[in-house]
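A look at the structure
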Amino acid sequence: SKFSTFLGQKLPTRKEFKKSKMASDRNAVARVHVDGMTCGKCVNYIESKMAEKEGVLQVSVSLEQKEATVTFDRKTVTSAEVALMVDQVGTKFTARLISEVGTIHIDGMTCHSCERNIGGKLSELESVYS
């Protein structure tokens, strides 16, 4: 099948990928687990401090979920660096990266079976969650 052929292809190096049409120039979203928050002031503090960081475009912090959702410029910082920034916002907080949210655009799907087949194969891959 076409998908099996695709999986068998040699993956591009990071440098090749950045030059290709596959590389996304768009912003990325990192989900970061945050421990140590106790109130709304903690949420506001993290949001305001992260908004000052280079490459950070938007921040939303949930006290209930113990999570920060950070939209960032992937040309400036990585998701791991975003998590480190959150961790370093204050001595009271500890943070770790949960995931980077990504979107894959796939051309050529013609039916619901295509969607199920590709989704099933992707869900078998390590570190891919849908």
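Shown above is the structure to which this text applies.
What comes next concerns the included structure.

Cut-offs and rules
Residues numbered from 1 in each chain as written. Predicted model: local features only at pLDDT ≥ 70, side-chain atom pairs only at ≥ 80, totals over all residues. Heavy atoms only, no water. Helix = DSSP H or I, 4+ residues; strand = E, 2+ residues; numbered from the N terminus. Buried < 20%, exposed > 50% of the residue type's maximum accessible area, 1.4 Å probe, protein only. Contact = heavy atoms within 4.5 Å. Areas by Shrake-Rupley, 256 points an atom, 1.4 Å probe, with all protein chains shown as cover. Expected span 1.5 Å × (residues − 1). Arc of directions from axis to C-beta. Pairing = 2+ DSSP bridges. Axes fitted to C-alpha atoms, helices over the stretch in contact; angles between N-to-C directions. Core = buried A, V, L, I, M, F, W, Y, C linked by side-chain atoms within 4.5 Å.

**Side note on the overall build of the protein chain**
Counting secondary structure elements, the protein chain contains five helices and four strands. For the protein chain, buried positions account for 26% of its 130 residues. For the protein chain, long-range pairs separated by at least 24 residues make up 61% of all intrachain contacts whose partners lie at least 6 apart in sequence. For the protein chain, the exposed area adds up to about 9700 Å²; of that, 51% sits on carbon and sulfur atoms.

**Brief notes about the side chain of Thr71**
Tracing the sequence through the fold places Thr71 in strand S3 (residues 67–72). By relative accessible area, which is 17% here, Thr71 ends up buried. Dropping the residues within four chain positions of it, Thr71 is found in contact with Asn27, Ala28, Val29, Gly55, Val56, Leu57 and Gln58.

**Looking at helix H3 (residues 40–51)**
Across its 12 residues, H3 extends 16 Å between first and last C-alpha, which sits within 8% of the 16 Å expected from 1.5 Å per residue. Within H3, the full set of buried residues consists of Cys42, Val43, Ile46 and Met50. Considered in projection along H3, the buried side chains sweep an arc of 100° and stay on one side of the axis. Seen from the open side of H3, the exposed residues pointing more than 90 degrees away from its buried face are Lys41 and Ala51. Elements that come into contact with the buried residues of H3 comprise strand S1 (28–35), strand S2 (56–62) and helix H4 (79–87).

**Overview of unusual backbone geometry**
In the Ramachandran plot, Lys66 falls in the positive-phi region, its phi being about 55° despite a non-glycine side chain. Tracing the backbone shows Lys66 in the loop between S2 and S3.

**Brief notes about the sheet that holds S2**
Spatial strand order, S2-S3-S1-S4: four strands in an open sheet with antiparallel pairing. With partners counted over all chains shown, the strands left at the sheet margins are S2 and strand S4 (94–101), one partner each. On average, each strand axis in the sheet is inclined to that of its neighbour by 20°, with strand direction left out of account. As judged from the six bridges shared by S1 and S3, these two strands associate in the antiparallel manner. Note that in S3 the partner of His33 across the bridge is Glu67. Strands S1, S2, S3 and S4 of the sheet are contacted by H4, whose axis makes an angle of about 155° with S4.

**A few points about the nonpolar core**
By size, the foremost hydrophobic cluster in this structure holds 23 residues, and its most contacted members are Val32, Val34, Met37, Ile46, Met50 and Val82. Setting aside residues up to four positions removed in sequence, Val82 forms contacts with Ala30, Val32, Met50, Val70, Phe72 and Val77.

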